[in-house]
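So the chains spell out like this:
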Amino acid sequence: MKPRSSARGGGGGETRRLGNVAFLALMLCSVVALSLIRARFSPIATAGGEALELKAEESKLVVTTAKPAVVSTDSGDGADEAADERKEEAPAMAGGNKPVCYETSRRSDTCEAAGDVRVVGSSQSIYVDGLEREWKTKPYCRKHDAFALSHVKEWTLKPLPSGAADEGDGGGAVAPQCTTNSSATAFVLSTGGFTGNPFHDYTDVLIPAFITAHRFAGEVQFLVSSYKSWWMNKYIQIFQQMSRYDVVDIDADDEVRCYRSAVVGPTFHKELGVDPSKTASGDSVLDFRKLLRGAFGLDRATATPSGDRWDIRRRPRLLIISRRPSRGRAFMNERAMADMASSLGFDVRVGEPDATTDTSKFARLVNSCDVMVGVHGAGLTNMVFLPAGAVLVQVVPYGRLEWLARNTFAEPSGAMELHYLEYAVQLDETTLSEQYPADHQVLRDPMAIHKQGWEALKTTYLDKQNVRPHLGRLKNTFLKALKLLPHRQDTMN
């Protein structure tokens, strides 16, 4: 092989140098281009230090969140963190420079639009005049819970084709023509997710709906996605208190409904609660409880008894929330508990709410009571019907579950103006001691089970455990409850 001449080698070096310069120039141009793109589509910072990340997906920008999923619960057990302590920022409406969809809490995203708004429920689409791009959202308050959201339909806010007066834009896109018109605000929310469990009914849907809709003073129409007729029948009175308009099963709707404004997705504040500092008029959970009294015809706003000495209310009423042993967390000595409470002067009632329970009837029973006692679970959500000044007694199952009891029912009870007492089940009061040997990890080291995750904790300490409270210890708790009530001791017995 002949050696290459020096002249040829020099030319190759020059060519490589020119190539390197061209490569560097290309890289510099790429950096500049990426910087411009990032400036145009940068994450939307929120007051809580979090961000909404904008992702390109099939040439459409989709709103997603850049935070990890949280552990889900399915029985009113509240493993989610409390909502961040910050003011909600008012969103810009369609056509502005700010996003239409925004994060209202760690659990909820909300989209708002005004102007020419057209809802096509059959395709889960909302057309908005002046909207610059598409937005996608799932209108349910568990935004990081993949399992819950798998049962929630996604909605898309789309730009209304140009020439908004029901004409095409010349390129084939045609604005959907209005078949009904309303001056109310459209409010799209979902009853998918974990609905059917009372705790989630109120925490994920009903209270967030109140937070979002109350400011409209009835001039709002609920468009319900993933509609469940049996569920709506249970709570229709609540929706009727919040709106002057019929509730619409929007997924099955063939209309093109036109509104002046729309809200997609309710706002979450905290478990079973409302943060007055985050509402426009300082609404609180007390306002929600007032709404419930109107919805279900509840007579008692407070636990103060009648002044009539012959009134049956002279005896404080105690309600035991019952559960079947097969469901777990049942009282195994329920009859003895009732007899003991009766001996203290209580008028005792026992109720077992389930999916078939008449909500109105059970709400009136709870409202007639002064003390409600139950093992931790969704049934305690009925405390929303108790009169102010009543006492909630939460029996906490064995297994280091105090944190769960606190987040779900203890903390919300104070804002509802209820007294709260807690009875912690000991090792000799749980049926777990009959299922496992004394040295088993389930009994001696509950935190080791906690570390295995929510499903292990739930299966072990909630689903498989029933309780048998010591009557002596429980009697002391009931006596404390009596002292907290406004009833006079000389009017009992």
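Given the structure is predicted, the values throughout are model-derived calculations rather than measurements. In this convention, every chain numbers its residues from 1, walking through the sequence in written order. A pLDDT threshold of at least 70 governs which residues receive local features in this predicted model, and a stricter bar of 80 or more applies before side-chain atom pairs are shown or counted, although totals over entire chains, interfaces and linings include all residues. Side-chain descriptors were evaluated using all non-hydrogen atoms of the structure, hydrogens and water having been removed beforehand.

(A) Here's a closer look at the environment of valine 350. Of note, valine 350 is situated in strand 15 (residues 347–351). Linking valine 350 and alanine 338, residues 12 residues apart in sequence, is a C-alpha distance of 8.1 Å. We call two residues in contact whenever any of their non-hydrogen atoms come within 4.5 Å of each other. Those residues in contact with valine 350 that sit more than four places away from it in its chain are Leu319, Ile320, Ser322 and Glu334. To qualify as a helix, a DSSP run of H or I must reach at least 4 residues; to qualify as a strand, a run of E must reach at least 2; elements of each kind are numbered from the N terminus.

(B) Region of the structure containing the packing of aromatic side chains. The pairing test for Phe, Tyr and Trp rings, Trp by its six-membered ring, is centres within 6.5 Å, and the orientation test on the planes gives stacked under 30 degrees, edge-to-face over 60, and tilted for anything in between. Scanning all chains against the criterion turns up 12 aromatic pairs. Between tyrosine 202 and phenylalanine 288, the aromatic rings sit 6.2 Å apart at their centres with planes inclined by 80 degrees, giving edge-to-face as the arrangement. A residue pair is termed long-range when its members are at least 10 positions apart, and tyrosine 202 in helix 3 (residues 198–213) and phenylalanine 288 in helix 5 (residues 285–296) qualify at 86 residues. Under the relative-accessibility criterion, tyrosine 202 is labelled buried at 3%. Think of it in three bands: residues with accessible area under 20% of the maximum for their type are buried, residues over 50% are exposed, and the middle band is partly exposed, with areas taken using a 1.4 Å probe on protein chains only. Here phenylalanine 288 falls in the buried class, since its relative accessible area comes to 0%. Note on phenylalanine 222 and phenylalanine 239: the rings are 5.0 Å apart at their centroids and 85 degrees apart in plane angle, and the pair reads as edge-to-face. Residue phenylalanine 222 is found in strand 11 (residues 220–225), and its partner phenylalanine 239 is found in helix 4 (residues 229–242); the two are separated by 17 residues along the sequence. An identical accessibility class is assigned to phenylalanine 222 and phenylalanine 239; each is buried. Here the aromatic residues Phe187, Tyr202, Phe210, Phe222, Trp231, Tyr235, Phe239, Phe288, Phe296 and Phe385 are joined through ring pairs into a cluster of three or more. The ring of phenylalanine 268 carries arginine 107 above its face, with NZ or CZ at 3.9 Å from the centroid. Across the ring face of tryptophan 135, the terminal group of arginine 133 is positioned such that the distance to the ring centre comes to 3.6 Å. In our convention, an over-ring charge means Lys NZ or Arg CZ found within 6 Å of a ring centre and within 35 degrees of that ring's normal.

(C) Structural view of the environment of tyrosine 259. With respect to the helices and strands, tyrosine 259 occurs in strand 13 (residues 256–264). The class of tyrosine 259 is buried, set by a relative accessible area of 4%. In this structure the C-alpha to C-alpha distance between tyrosine 259 and cysteine 178, which are 81 residues apart in sequence, comes to 9.5 Å. Polar side-chain contacts of tyrosine 259 include one of 2.8 Å to the side chain of glutamine 221. By the criterion applied in these results, polar contacts are pairs of N or O atoms within 3.5 Å in which, for protein atoms, one can donate a hydrogen and the other can accept it, and in which residues neighboring in sequence qualify only through two side-chain atoms.

(D) Region of interest: the pattern of salt bridges. For salt bridges, the criterion is a side-chain nitrogen of Lys or Arg within 4 Å of an Asp or Glu carboxyl oxygen. Counted according to the given criterion, the structure contains 18 salt bridges. Between arginine 468 and glutamate 434 there is a salt bridge whose closest N-O contact spans 3.6 Å. Within this pair, whereas arginine 468 is found in the loop between helix 12 (454–463) and helix 13 (471–484), its partner glutamate 434 is found in helix 9 (residues 432–435), the two being separated by 34 residues in sequence. Of the residues examined, arginine 468 reaches a relative accessible area of 36% and is grouped as partly exposed. Connected through salt bridges with shared partners, the residues Arg107, Arg142, Asp204 and Glu271 form a single ionic network.

(E) Inspection of the pairing of strand 13 at higher detail. The buried fraction of strand 13 is high, at eight of nine residues. Sheet topology note: the strand 5 (residues 109–120)/strand 13 ladder contains eight bridges and is antiparallel. Bridge pairing links alanine 113 to alanine 262 in strand 13. Any two strands are treated as partners once DSSP identifies two or more bridges connecting them. In the sheet, strand 10 (residues 185–190) pairs with strand 13 via four bridges, with the strands oriented parallel. Directly across from valine 188, in strand 13, lies its bridge partner valine 264.

(F) Structural view of the pairing of strand 16 (residues 371–375). Along strand 16, five of the five residues are buried, which leaves the element largely enclosed by surrounding structure. Of the two faces of strand 16, the one holding Val371, Val373 and Val375 and the one holding Met372 and Gly374 are both buried throughout. Taken together, the three bridges between strand 14 (residues 317–321) and strand 16 define a ladder with parallel strand orientation. Along strand 16, the bridge assignment pairs leucine 318 with valine 371. Pairing geometry for strand 16 and strand 17 (residues 391–396), over five bridges, is parallel. Bridge pairing links methionine 372 to leucine 392 in strand 17.

(G) Representation of empty space enclosed by the protein. In this analysis the probe radius is 1.4 Å and the grid spacing 1 Å, with only protein atoms considered; a cavity is a set of points the probe fits into but cannot get out of, a pocket is an open set with protein on both sides within 12 Å along at least five of seven lines, and lining residues have an atom within 4 Å of a point. Grid points are joined across faces, edges and corners, and a volume is the space filled by probe spheres set on the points. As enumerated under the stated definition, the model contains one cavity of 30 Å³ or more in all. Of the volumes computed, that of the largest cavity is approximately 40 Å³. Taken together, Arg289, Leu292, Arg293, Leu298, Arg300, Ala301, Asn367, Val384, Phe385, Leu386, Pro387 and Ala388 make up the lining of the largest cavity. Any residue outside Ala, Val, Leu, Ile, Met, Phe, Trp, Tyr, Cys, Pro, Asp, Glu, Lys and Arg is labelled polar, Gly included; the first ten of those are nonpolar and the last four are charged. Classifying every residue of the lining of the largest cavity gives eight nonpolar, one polar and three charged.

(H) Representation of the state of the cysteines. Disulfide assignment relies on a single distance test, namely cysteine sulfur atoms paired within 2.5 Å. The tally for this structure, following the rule as stated, stands at two disulfides. One disulfide bridge connects cysteine 101 with cysteine 111, the sulfur atoms lying 2.0 Å from each other. An S-S torsion of about 105 degrees defines the bridge between cysteine 101 and cysteine 111 as right-handed. Separated by 10 residues along the polypeptide, cysteine 101 in strand 4 (residues 101–103) and cysteine 111 in strand 5 bring together distant segments of the chain. For cysteine 101, a relative accessible area of 1% puts it in the buried group. Shown here is the disulfide that connects cysteine 178 with cysteine 258, its sulfur atoms set 1.9 Å apart. The disulfide joining cysteine 178 to cysteine 258 has a torsion of about -95 degrees about its S-S bond and is therefore left-handed. You can see cysteine 178 sitting in the loop between strand 8 (155–159) and strand 9 (180–181) and its partner cysteine 258 sitting in strand 13, a full 80 residues away along the chain. By relative accessible area, cysteine 258 is classed as buried at 5%. The connectivity of the disulfide bonds within the protein chain can be written as 1-2, 3-4, using the sequence rank of each bonded cysteine.

(I) Up close: the sheet that holds strand 17. Spatially, the five strands line up as an open sheet ordered 15-14-16-17-18, and their pairing is parallel. Lying at the two open borders of the sheet, with one neighbouring strand each, are strand 15 and strand 18 (419–424). Strand-to-strand twist across the sheet, computed as the mean angle between neighbouring axes with direction ignored, equals 20 degrees. Of the strand pairs in this sheet, strand 14 and strand 15 are connected by five bridges, and their pairing is parallel. In this description, a line fitted to the C-alpha atoms serves as the axis of each element, helices being fitted only across the stretch in contact, and the angle between N-to-C directions of two axes falls anywhere from 0 to 180 degrees.

(J) Representation of the nonpolar core in the model. The set of buried Ala, Val, Leu, Ile, Met, Phe, Trp, Tyr and Cys residues whose side-chain atoms join them within 4.5 Å is what this entry labels a nonpolar core. With 54 residues, the main nonpolar core has Tyr202, Phe222, Ile238, Met372, Met383 and Phe385 as its most contacted residues. Mapped onto this core, the elements with two or more residues apiece are helix 2 (146–149), strand 10, helix 3, strand 11, helix 4, helix 5, strand 14 and helix 7 (359–367). In terms of residues, this core owes the most to one element, helix 3, which gives nine residues. Apart from the residues lying within four places of it in its own chain, the contact partners of tyrosine 202 are Ile207, Pro208, Tyr235, Ile238, Leu272, Phe288, Leu292, Thr381, Val384 and Phe385. The next biggest cluster of nonpolar side chains, apart from the first, holds 40 residues, and it includes Val375, Ile449, Tyr461 and Leu482.

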